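Survey of secondary and tertiary structure
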Amino acid sequence: MEQVNQAAAQPGSGSLLDRVFKLSAHKTTTKTEIIAGLTTFVTMSYIMFLNPIIMSKTGMPFDGLFLATCIGAAIACIFMGVYANWPIGLAPGMGLNAFFTFTVVLEMNYSWEIALGAVFWSGILFVLMSVTRLREWMLESIPLSLRLAMTAGVGLFLGFIGLRFTGLIVPNPDNVVALADLTHFGFGKFGPEAPALGLLSFLLIAILSYRKVFGSVIIGIGLTTAIAFLMSAVLPYEFFTVSVDWAPASGFVSWPDGGLVAVPDFAAIEPIFLKLDLMGALDVALIPVIITFLFVNIFDTAGTLMGVAQRANLQDENGKIEGLSKSLKADSISSVLGTAFGCPPVTSYVESAAGVSVGGRTGLTAVVIGLMFLLGLFLLPLAQMLPGFAVDGALIYVAMLMMGSLAALDWEDMTEFAPAIMTTIMMPLTFSIANGIAVGFITYTALKLFTGKSSQISNGVWALTALFVAKFIFLP
(Lines give C-alpha, C1' and ligand atoms only; values in the text may rest on other atoms or scores of the structure.)
Protein backbone atom coordinates (compact mmCIF):
# COMPACT_ATOMS: atom_id res chain seq x y z
CA MET A 1 0.00 0.00 0.00
CA GLU A 2 2.81 2.42 0.80
CA GLN A 3 4.33 1.79 -2.64
CA VAL A 4 0.98 2.55 -4.31
CA ASN A 5 0.65 5.82 -2.41
CA GLN A 6 4.18 6.81 -3.35
CA ALA A 7 3.47 6.06 -6.99
CA ALA A 8 0.31 8.12 -6.92
CA ALA A 9 2.15 11.01 -5.32
CA GLN A 10 4.90 11.11 -7.93
CA PRO A 11 4.54 12.41 -11.47
CA GLY A 12 5.54 10.01 -14.20
CA SER A 13 4.69 6.84 -12.34
CA GLY A 14 3.87 5.12 -15.64
CA SER A 15 0.33 4.21 -14.56
CA LEU A 16 -2.60 3.98 -16.96
CA LEU A 17 -3.94 7.28 -15.68
CA ASP A 18 -0.57 8.88 -16.26
CA ARG A 19 -0.50 7.68 -19.85
CA VAL A 20 -4.10 8.68 -20.61
CA PHE A 21 -4.05 12.11 -18.97
CA LYS A 22 -0.32 12.88 -19.27
CA LEU A 23 -0.01 13.59 -15.58
CA SER A 24 3.78 13.65 -15.52
CA ALA A 25 3.92 16.01 -18.50
CA HIS A 26 1.68 18.43 -16.60
CA LYS A 27 3.65 17.98 -13.38
CA THR A 28 0.70 16.69 -11.40
CA THR A 29 -0.37 13.50 -9.62
CA THR A 30 -3.43 11.31 -9.38
CA LYS A 31 -4.05 12.42 -5.80
CA THR A 32 -3.82 16.09 -6.74
CA GLU A 33 -6.23 15.65 -9.65
CA ILE A 34 -8.77 13.84 -7.47
CA ILE A 35 -8.63 16.58 -4.83
CA ALA A 36 -9.01 19.20 -7.58
CA GLY A 37 -12.03 17.40 -9.03
CA LEU A 38 -13.70 17.18 -5.62
CA THR A 39 -12.97 20.86 -4.99
CA THR A 40 -14.53 21.99 -8.28
CA PHE A 41 -17.54 19.74 -7.79
CA VAL A 42 -18.28 21.14 -4.34
CA THR A 43 -18.07 24.72 -5.65
CA MET A 44 -20.44 24.08 -8.58
CA SER A 45 -22.73 21.41 -7.10
CA TYR A 46 -25.38 24.05 -6.39
CA ILE A 47 -26.45 23.66 -10.03
CA MET A 48 -27.98 20.27 -9.14
CA PHE A 49 -30.53 22.10 -7.01
CA LEU A 50 -30.86 25.45 -8.79
CA ASN A 51 -31.39 24.22 -12.35
CA PRO A 52 -34.41 22.00 -11.56
CA ILE A 53 -36.00 24.79 -9.50
CA ILE A 54 -35.73 27.26 -12.38
CA MET A 55 -36.57 24.87 -15.22
CA SER A 56 -39.54 23.31 -13.43
CA LYS A 57 -41.37 26.64 -13.85
CA THR A 58 -41.88 25.59 -17.49
CA GLY A 59 -43.97 22.60 -16.46
CA MET A 60 -41.12 20.11 -16.80
CA PRO A 61 -41.04 17.62 -13.89
CA PHE A 62 -38.65 18.52 -11.07
CA ASP A 63 -37.51 14.93 -10.51
CA GLY A 64 -36.69 14.42 -14.18
CA LEU A 65 -34.85 17.75 -14.34
CA PHE A 66 -32.73 16.83 -11.34
CA LEU A 67 -31.68 13.57 -12.99
CA ALA A 68 -31.15 15.34 -16.32
CA THR A 69 -28.93 17.96 -14.68
CA CYS A 70 -26.73 15.33 -13.05
CA ILE A 71 -26.54 13.12 -16.15
CA GLY A 72 -25.94 16.00 -18.58
CA ALA A 73 -23.20 17.45 -16.38
CA ALA A 74 -21.58 14.04 -15.86
CA ILE A 75 -21.43 13.22 -19.57
CA ALA A 76 -20.08 16.68 -20.42
CA CYS A 77 -17.37 16.61 -17.72
CA ILE A 78 -16.18 13.10 -18.60
CA PHE A 79 -16.17 13.96 -22.32
CA MET A 80 -14.17 17.13 -21.65
CA GLY A 81 -11.69 15.20 -19.54
CA VAL A 82 -11.15 12.27 -21.90
CA TYR A 83 -11.29 14.15 -25.21
CA ALA A 84 -9.74 17.54 -24.42
CA ASN A 85 -7.76 16.58 -21.28
CA TRP A 86 -8.72 19.84 -19.59
CA PRO A 87 -9.60 20.32 -15.88
CA ILE A 88 -12.97 21.89 -16.65
CA GLY A 89 -16.34 21.23 -15.02
CA LEU A 90 -19.44 21.59 -17.18
CA ALA A 91 -23.15 21.74 -16.36
CA PRO A 92 -26.35 23.46 -17.55
CA GLY A 93 -25.58 27.15 -17.73
CA MET A 94 -26.90 29.60 -15.17
CA GLY A 95 -28.63 32.47 -16.94
CA LEU A 96 -29.27 30.36 -20.00
CA ASN A 97 -31.70 28.25 -17.96
CA ALA A 98 -33.44 31.44 -16.81
CA PHE A 99 -33.66 32.73 -20.39
CA PHE A 100 -35.04 29.34 -21.45
CA THR A 101 -37.70 29.41 -18.74
CA PHE A 102 -38.83 32.97 -18.29
CA THR A 103 -38.33 34.42 -21.77
CA VAL A 104 -38.74 31.64 -24.31
CA VAL A 105 -41.39 29.58 -22.50
CA LEU A 106 -43.25 31.87 -20.10
CA GLU A 107 -43.02 35.18 -22.01
CA MET A 108 -42.90 34.10 -25.67
CA ASN A 109 -45.29 31.21 -24.95
CA TYR A 110 -43.30 28.53 -26.74
CA SER A 111 -43.48 25.00 -25.37
CA TRP A 112 -40.46 23.69 -23.51
CA GLU A 113 -40.08 21.09 -26.27
CA ILE A 114 -39.64 23.86 -28.86
CA ALA A 115 -37.30 25.73 -26.51
CA LEU A 116 -35.15 22.59 -26.28
CA GLY A 117 -35.14 22.48 -30.07
CA ALA A 118 -33.80 26.04 -30.12
CA VAL A 119 -31.06 25.00 -27.72
CA PHE A 120 -30.22 22.09 -30.03
CA TRP A 121 -29.86 24.32 -33.11
CA SER A 122 -27.76 26.86 -31.21
CA GLY A 123 -25.54 23.96 -30.14
CA ILE A 124 -25.20 22.79 -33.73
CA LEU A 125 -24.12 26.30 -34.74
CA PHE A 126 -21.62 26.31 -31.86
CA VAL A 127 -20.20 23.00 -33.07
CA LEU A 128 -19.84 24.35 -36.62
CA MET A 129 -18.11 27.44 -35.31
CA SER A 130 -15.78 25.30 -33.20
CA VAL A 131 -14.56 23.29 -36.19
CA THR A 132 -14.20 26.26 -38.57
CA ARG A 133 -12.69 29.74 -38.56
CA LEU A 134 -16.11 31.17 -37.74
CA ARG A 135 -15.12 30.86 -34.09
CA GLU A 136 -12.21 33.29 -34.46
CA TRP A 137 -14.34 35.62 -36.57
CA MET A 138 -17.08 35.72 -33.97
CA LEU A 139 -14.74 36.23 -31.02
CA GLU A 140 -12.81 38.97 -32.81
CA SER A 141 -15.75 40.81 -34.40
CA ILE A 142 -17.82 41.36 -31.25
CA PRO A 143 -16.35 44.20 -29.13
CA LEU A 144 -15.04 43.33 -25.70
CA SER A 145 -17.39 45.80 -24.00
CA LEU A 146 -20.47 43.98 -25.29
CA ARG A 147 -19.02 40.60 -24.38
CA LEU A 148 -18.43 41.79 -20.83
CA ALA A 149 -21.92 43.26 -20.73
CA MET A 150 -23.52 39.97 -21.77
CA THR A 151 -22.03 38.23 -18.74
CA ALA A 152 -22.97 41.07 -16.38
CA GLY A 153 -26.46 41.39 -17.85
CA VAL A 154 -27.16 37.70 -17.46
CA GLY A 155 -25.96 38.06 -13.87
CA LEU A 156 -28.30 40.98 -13.18
CA PHE A 157 -31.13 39.02 -14.80
CA LEU A 158 -30.39 36.07 -12.51
CA GLY A 159 -30.17 38.36 -9.51
CA PHE A 160 -33.57 39.86 -10.26
CA ILE A 161 -35.06 36.37 -10.52
CA GLY A 162 -33.42 35.33 -7.25
CA LEU A 163 -34.78 38.41 -5.48
CA ARG A 164 -38.26 37.62 -6.76
CA PHE A 165 -38.06 33.96 -5.81
CA THR A 166 -37.02 34.73 -2.24
CA GLY A 167 -39.71 37.38 -1.92
CA LEU A 168 -37.16 40.11 -1.17
CA ILE A 169 -38.81 42.26 -3.84
CA VAL A 170 -42.55 42.31 -4.38
CA PRO A 171 -44.89 43.84 -7.00
CA ASN A 172 -45.75 47.49 -6.49
CA PRO A 173 -48.43 49.32 -8.53
CA ASP A 174 -46.56 52.62 -8.39
CA ASN A 175 -42.89 51.60 -8.74
CA VAL A 176 -43.27 48.17 -10.40
CA VAL A 177 -41.32 46.53 -7.54
CA ALA A 178 -40.67 47.30 -3.88
CA LEU A 179 -38.83 45.86 -0.91
CA ALA A 180 -40.71 43.16 1.00
CA ASP A 181 -41.55 43.31 4.68
CA LEU A 182 -38.49 41.69 6.23
CA THR A 183 -40.11 41.39 9.65
CA HIS A 184 -42.40 38.57 8.56
CA PHE A 185 -42.11 35.43 6.50
CA GLY A 186 -44.77 35.39 3.82
CA PHE A 187 -46.01 32.39 1.87
CA GLY A 188 -47.08 33.12 -1.70
CA LYS A 189 -49.34 30.98 -3.87
CA PHE A 190 -46.38 29.50 -5.76
CA GLY A 191 -44.58 28.22 -2.70
CA PRO A 192 -42.76 29.46 0.38
CA GLU A 193 -41.23 32.92 0.23
CA ALA A 194 -39.15 33.95 3.20
CA PRO A 195 -37.44 37.26 2.38
CA ALA A 196 -35.34 37.46 5.54
CA LEU A 197 -34.13 33.88 5.20
CA GLY A 198 -33.42 34.37 1.52
CA LEU A 199 -31.29 37.40 2.38
CA LEU A 200 -29.61 35.40 5.14
CA SER A 201 -28.75 32.62 2.68
CA PHE A 202 -27.06 35.10 0.34
CA LEU A 203 -25.16 36.79 3.17
CA LEU A 204 -23.94 33.49 4.61
CA ILE A 205 -22.69 32.32 1.20
CA ALA A 206 -21.01 35.65 0.46
CA ILE A 207 -19.28 35.82 3.87
CA LEU A 208 -18.10 32.21 3.70
CA SER A 209 -16.88 32.70 0.14
CA TYR A 210 -14.96 35.85 1.07
CA ARG A 211 -13.28 33.91 3.86
CA LYS A 212 -12.48 31.16 1.32
CA VAL A 213 -14.38 28.49 3.21
CA PHE A 214 -14.40 25.26 1.21
CA GLY A 215 -17.90 24.56 -0.15
CA SER A 216 -19.26 27.97 0.88
CA VAL A 217 -22.34 27.79 -1.36
CA ILE A 218 -23.46 24.37 -0.14
CA ILE A 219 -22.69 25.27 3.48
CA GLY A 220 -24.70 28.49 3.19
CA ILE A 221 -27.70 26.64 1.75
CA GLY A 222 -27.41 23.98 4.46
CA LEU A 223 -27.17 26.47 7.32
CA THR A 224 -30.19 28.41 6.06
CA THR A 225 -32.17 25.19 5.75
CA ALA A 226 -31.21 24.20 9.30
CA ILE A 227 -32.29 27.62 10.61
CA ALA A 228 -35.61 27.24 8.78
CA PHE A 229 -36.11 23.84 10.42
CA LEU A 230 -35.48 25.33 13.86
CA MET A 231 -37.72 28.33 13.25
CA SER A 232 -40.62 26.21 12.02
CA ALA A 233 -40.20 23.98 15.07
CA VAL A 234 -39.98 26.62 17.82
CA LEU A 235 -41.86 29.67 16.52
CA PRO A 236 -45.66 29.84 16.75
CA TYR A 237 -47.53 29.49 13.47
CA GLU A 238 -49.04 32.98 13.97
CA PHE A 239 -45.54 34.38 13.45
CA PHE A 240 -45.88 33.70 9.75
CA THR A 241 -48.11 35.71 7.45
CA VAL A 242 -50.09 33.54 5.06
CA SER A 243 -51.48 34.94 1.80
CA VAL A 244 -53.52 33.87 -1.23
CA ASP A 245 -54.31 30.17 -1.56
CA TRP A 246 -51.18 28.41 -0.34
CA ALA A 247 -50.38 27.53 3.24
CA PRO A 248 -47.62 25.31 4.60
CA ALA A 249 -48.81 22.15 6.29
CA SER A 250 -45.76 21.59 8.44
CA GLY A 251 -43.45 24.55 8.53
CA PHE A 252 -40.93 25.64 5.91
CA VAL A 253 -39.60 22.27 4.84
CA SER A 254 -40.42 18.60 5.34
CA TRP A 255 -38.08 15.71 5.97
CA PRO A 256 -38.28 13.07 3.22
CA ASP A 257 -39.79 9.80 4.42
CA GLY A 258 -37.08 7.67 2.82
CA GLY A 259 -34.14 9.72 4.06
CA LEU A 260 -31.84 12.10 2.19
CA VAL A 261 -30.46 9.50 -0.23
CA ALA A 262 -32.33 7.14 -2.55
CA VAL A 263 -31.59 4.95 -5.56
CA PRO A 264 -32.49 7.09 -8.60
CA ASP A 265 -35.67 6.19 -10.45
CA PHE A 266 -34.63 6.77 -14.05
CA ALA A 267 -38.25 6.49 -15.17
CA ALA A 268 -38.59 10.06 -13.87
CA ILE A 269 -36.57 11.37 -16.82
CA GLU A 270 -38.76 9.68 -19.44
CA PRO A 271 -41.22 12.64 -19.80
CA ILE A 272 -38.38 14.93 -20.98
CA PHE A 273 -35.91 12.49 -22.58
CA LEU A 274 -35.61 13.11 -26.35
CA LYS A 275 -38.69 15.33 -26.29
CA LEU A 276 -37.13 18.30 -28.11
CA ASP A 277 -39.12 19.69 -31.05
CA LEU A 278 -36.55 20.35 -33.78
CA MET A 279 -38.94 21.44 -36.53
CA GLY A 280 -40.97 23.69 -34.24
CA ALA A 281 -37.76 25.50 -33.28
CA LEU A 282 -37.19 26.54 -36.91
CA ASP A 283 -39.85 29.24 -36.57
CA VAL A 284 -38.40 32.51 -37.91
CA ALA A 285 -39.42 34.26 -34.69
CA LEU A 286 -37.00 32.02 -32.81
CA ILE A 287 -33.93 33.17 -34.75
CA PRO A 288 -33.09 35.86 -32.13
CA VAL A 289 -33.56 33.21 -29.43
CA ILE A 290 -31.16 30.79 -31.11
CA ILE A 291 -28.65 33.59 -31.61
CA THR A 292 -28.96 34.59 -27.95
CA PHE A 293 -28.34 31.04 -26.77
CA LEU A 294 -25.33 30.91 -29.12
CA PHE A 295 -23.85 34.27 -28.11
CA VAL A 296 -24.14 33.84 -24.37
CA ASN A 297 -22.85 30.28 -24.57
CA ILE A 298 -19.84 30.92 -26.81
CA PHE A 299 -18.63 34.09 -25.09
CA ASP A 300 -19.14 32.68 -21.61
CA THR A 301 -17.37 29.47 -22.64
CA ALA A 302 -14.48 31.20 -24.36
CA GLY A 303 -13.93 33.53 -21.42
CA THR A 304 -14.06 30.70 -18.91
CA LEU A 305 -11.76 28.40 -20.87
CA MET A 306 -9.14 31.06 -21.52
CA GLY A 307 -9.23 32.26 -17.91
CA VAL A 308 -8.86 28.75 -16.50
CA ALA A 309 -6.14 27.92 -19.06
CA GLN A 310 -4.06 30.82 -17.82
CA ARG A 311 -4.41 29.73 -14.19
CA ALA A 312 -3.55 26.14 -15.09
CA ASN A 313 -0.50 27.18 -17.15
CA LEU A 314 -1.86 25.51 -20.28
CA GLN A 315 -0.12 28.05 -22.51
CA ASP A 316 3.08 27.35 -24.43
CA GLU A 317 6.07 29.68 -24.62
CA ASN A 318 4.40 31.67 -27.41
CA GLY A 319 1.26 32.30 -25.39
CA LYS A 320 -0.83 29.82 -27.41
CA ILE A 321 -3.34 27.89 -25.33
CA GLU A 322 -2.80 24.18 -25.77
CA GLY A 323 -5.94 22.19 -26.51
CA LEU A 324 -8.27 25.21 -26.71
CA SER A 325 -9.80 23.96 -29.95
CA LYS A 326 -10.59 20.55 -28.46
CA SER A 327 -12.05 22.07 -25.31
CA LEU A 328 -14.35 24.32 -27.35
CA LYS A 329 -15.48 21.32 -29.39
CA ALA A 330 -16.14 19.32 -26.23
CA ASP A 331 -18.17 22.19 -24.78
CA SER A 332 -20.24 22.72 -27.94
CA ILE A 333 -20.91 19.00 -28.45
CA SER A 334 -21.97 18.75 -24.81
CA SER A 335 -24.58 21.48 -25.42
CA VAL A 336 -26.10 19.37 -28.18
CA LEU A 337 -26.01 16.14 -26.17
CA GLY A 338 -27.57 17.83 -23.15
CA THR A 339 -30.76 18.65 -25.05
CA ALA A 340 -31.49 14.93 -25.34
CA PHE A 341 -31.90 14.78 -21.56
CA GLY A 342 -33.85 18.03 -21.29
CA CYS A 343 -30.99 20.37 -20.35
CA PRO A 344 -30.52 24.02 -21.37
CA PRO A 345 -27.12 24.77 -22.95
CA VAL A 346 -24.39 22.90 -21.06
CA THR A 347 -21.38 25.14 -20.62
CA SER A 348 -18.01 25.39 -18.90
CA TYR A 349 -18.11 26.69 -15.32
CA VAL A 350 -15.79 29.38 -14.02
CA GLU A 351 -15.83 27.49 -10.70
CA SER A 352 -13.32 25.19 -12.40
CA ALA A 353 -10.74 27.72 -11.29
CA ALA A 354 -11.22 26.42 -7.73
CA GLY A 355 -9.92 22.99 -8.75
CA VAL A 356 -7.09 24.53 -10.73
CA SER A 357 -6.09 26.59 -7.70
CA VAL A 358 -5.40 23.37 -5.74
CA GLY A 359 -3.38 21.80 -8.54
CA GLY A 360 -5.80 20.43 -11.17
CA ARG A 361 -4.08 20.41 -14.54
CA THR A 362 -5.54 17.58 -16.64
CA GLY A 363 -8.75 15.94 -17.74
CA LEU A 364 -8.63 13.60 -14.78
CA THR A 365 -9.97 16.50 -12.72
CA ALA A 366 -12.95 16.79 -15.09
CA VAL A 367 -13.58 13.04 -14.98
CA VAL A 368 -13.70 13.14 -11.18
CA ILE A 369 -16.22 15.99 -11.36
CA GLY A 370 -18.33 13.92 -13.75
CA LEU A 371 -18.25 10.91 -11.46
CA MET A 372 -19.35 13.07 -8.55
CA PHE A 373 -22.35 14.29 -10.55
CA LEU A 374 -23.26 10.64 -11.13
CA LEU A 375 -23.17 10.10 -7.37
CA GLY A 376 -25.37 13.19 -7.10
CA LEU A 377 -28.14 11.18 -8.75
CA PHE A 378 -28.76 9.59 -5.35
CA LEU A 379 -29.49 12.97 -3.71
CA LEU A 380 -32.92 13.61 -5.24
CA PRO A 381 -34.67 13.41 -1.83
CA LEU A 382 -32.30 16.08 -0.52
CA ALA A 383 -33.05 18.29 -3.53
CA GLN A 384 -36.77 17.91 -2.90
CA MET A 385 -36.33 18.87 0.74
CA LEU A 386 -34.32 22.08 0.35
CA PRO A 387 -36.51 25.19 0.69
CA GLY A 388 -36.52 27.52 -2.30
CA PHE A 389 -35.39 30.61 -0.38
CA ALA A 390 -32.22 28.84 0.79
CA VAL A 391 -31.25 27.87 -2.75
CA ASP A 392 -32.27 31.25 -4.18
CA GLY A 393 -29.71 32.93 -1.94
CA ALA A 394 -27.11 31.07 -4.01
CA LEU A 395 -28.76 32.40 -7.15
CA ILE A 396 -28.26 35.97 -5.95
CA TYR A 397 -24.65 35.19 -5.02
CA VAL A 398 -23.86 33.76 -8.47
CA ALA A 399 -25.46 36.86 -10.01
CA MET A 400 -23.13 39.15 -8.06
CA LEU A 401 -20.09 37.23 -9.27
CA MET A 402 -21.18 37.50 -12.90
CA MET A 403 -21.69 41.26 -12.64
CA GLY A 404 -18.04 41.63 -11.67
CA SER A 405 -17.14 41.53 -15.37
CA LEU A 406 -18.12 45.22 -15.64
CA ALA A 407 -14.91 46.11 -13.80
CA ALA A 408 -12.98 45.49 -17.02
CA LEU A 409 -14.94 48.09 -19.01
CA ASP A 410 -13.25 51.20 -20.43
CA TRP A 411 -15.03 53.74 -18.24
CA GLU A 412 -13.30 56.64 -20.03
CA ASP A 413 -15.01 55.99 -23.37
CA MET A 414 -18.75 56.69 -23.51
CA THR A 415 -19.10 54.78 -26.78
CA GLU A 416 -17.84 51.65 -25.01
CA PHE A 417 -19.37 51.72 -21.53
CA ALA A 418 -22.80 53.19 -22.44
CA PRO A 419 -23.79 50.31 -24.77
CA ALA A 420 -22.50 47.87 -22.16
CA ILE A 421 -24.62 49.44 -19.43
CA MET A 422 -27.67 49.45 -21.73
CA THR A 423 -27.14 45.76 -22.44
CA THR A 424 -26.80 44.99 -18.75
CA ILE A 425 -29.80 46.87 -17.40
CA MET A 426 -32.16 46.06 -20.26
CA MET A 427 -31.93 42.33 -19.64
CA PRO A 428 -33.69 42.40 -16.24
CA LEU A 429 -35.86 45.44 -17.01
CA THR A 430 -37.30 43.84 -20.16
CA PHE A 431 -37.03 40.41 -18.58
CA SER A 432 -35.28 39.19 -21.72
CA ILE A 433 -31.62 38.45 -22.37
CA ALA A 434 -32.31 38.61 -26.11
CA ASN A 435 -33.75 42.13 -25.89
CA GLY A 436 -30.84 43.29 -23.78
CA ILE A 437 -28.32 42.05 -26.33
CA ALA A 438 -30.31 43.60 -29.19
CA VAL A 439 -30.54 47.03 -27.53
CA GLY A 440 -26.85 46.88 -26.69
CA PHE A 441 -25.79 46.22 -30.28
CA ILE A 442 -28.04 48.97 -31.64
CA THR A 443 -26.75 51.44 -29.04
CA TYR A 444 -23.12 50.52 -29.78
CA THR A 445 -23.52 50.99 -33.54
CA ALA A 446 -25.41 54.28 -33.20
CA LEU A 447 -22.89 55.80 -30.78
CA LYS A 448 -19.89 54.76 -32.85
CA LEU A 449 -21.53 55.93 -36.08
CA PHE A 450 -22.53 59.39 -34.87
CA THR A 451 -19.38 60.14 -32.86
CA GLY A 452 -17.01 59.69 -35.79
CA LYS A 453 -15.86 56.21 -34.79
CA SER A 454 -17.60 54.18 -37.47
CA SER A 455 -14.28 52.56 -38.40
CA GLN A 456 -14.46 50.66 -35.09
CA ILE A 457 -17.67 48.92 -36.10
CA SER A 458 -16.82 45.47 -37.42
CA ASN A 459 -18.71 43.80 -40.25
CA GLY A 460 -20.11 41.34 -37.75
CA VAL A 461 -21.54 44.13 -35.60
CA TRP A 462 -23.07 45.82 -38.66
CA ALA A 463 -24.74 42.56 -39.69
CA LEU A 464 -26.05 41.77 -36.23
CA THR A 465 -27.32 45.31 -35.68
CA ALA A 466 -29.27 45.09 -38.94
CA LEU A 467 -30.70 41.75 -37.82
CA PHE A 468 -31.79 43.12 -34.44
CA VAL A 469 -33.37 46.24 -36.01
CA ALA A 470 -35.28 43.99 -38.40
CA LYS A 471 -36.36 41.89 -35.45
CA PHE A 472 -37.89 44.88 -33.65
CA ILE A 473 -39.63 46.06 -36.84
CA PHE A 474 -41.02 42.78 -38.13
CA LEU A 475 -41.16 40.65 -34.94
CA PRO A 476 -42.24 43.08 -32.20
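Just above, that's the structure.
The sections below set out a description of the structure shown in this document. Here the structure is a predicted model, which means the values were calculated and not measured.

A word on helix H3 (residues 30–44). If you check H3, its first and last C-alpha atoms are 21 Å apart, about what 15 residues at 1.5 Å a residue would give, namely 21 Å. Within the span of H3, buried status applies to Thr30, Glu33, Ala36, Gly37, Thr39, Thr40, Phe41, Thr43 and Met44.

Moving on: the packing of helix H12 (residues 287–311) against helix H13 (residues 324–341). Closest axis-to-axis distance for the H12/H13 pair is 11 Å, and the angle between their directions is 140 degrees. Here H12 lies oblique to H13, going by the angle between them. The way H12 lies across H13 gives a crossing that is right-handed. Along the contact surface, H12 presents Asn297, Thr301, Leu305 and Met306, while H13 presents Leu324, Ser327, Leu328, Asp331 and Ser335. Grouping the constituent residues of the contact of H12 with H13 by class yields four nonpolar, four polar and one charged.

The next thing to look at is the side chain of Thr28. The residue Thr28 is located in the loop between helix H2 (16–21) and H3 in this model. Given a relative accessible area of 3%, Thr28 falls into the buried group. Polar contacts involving the side chain of Thr28 include one to the side chain of Glu33, which spans 2.8 Å.

Taking 1.5 Å of rise per residue, 25 residues should cover 36 Å, and H12 covers 36 Å from first to last C-alpha, within 8% of that figure. Within two residues after H12, Asn313 carries a phi angle of roughly 55 degrees, on the positive side.

Conventions adopted
Residues numbered from 1 in each chain as written. Predicted model: local features only at pLDDT ≥ 70, side-chain atom pairs only at ≥ 80, totals over all residues. Heavy atoms only, no water. Helix = DSSP H or I, 4+ residues; strand = E, 2+ residues; numbered from the N terminus. Expected span 1.5 Å × (residues − 1). Buried < 20%, exposed > 50% of the residue type's maximum accessible area, 1.4 Å probe, protein only. Axes fitted to C-alpha atoms, helices over the stretch in contact; angles between N-to-C directions. Parallel < 35°, antiparallel > 145°, perpendicular 65-115°, else oblique. Left-handed = near helix turned anticlockwise from the far one by under 90°. Contact = heavy atoms within 4.5 Å. Nonpolar A, V, L, I, M, F, W, Y, C, P; charged D, E, K, R; others polar. Polar contact = N/O pair within 3.5 Å; in protein donor to acceptor, adjacent residues only side chain to side chain.

The values are spatial; any link to function lies outside them.
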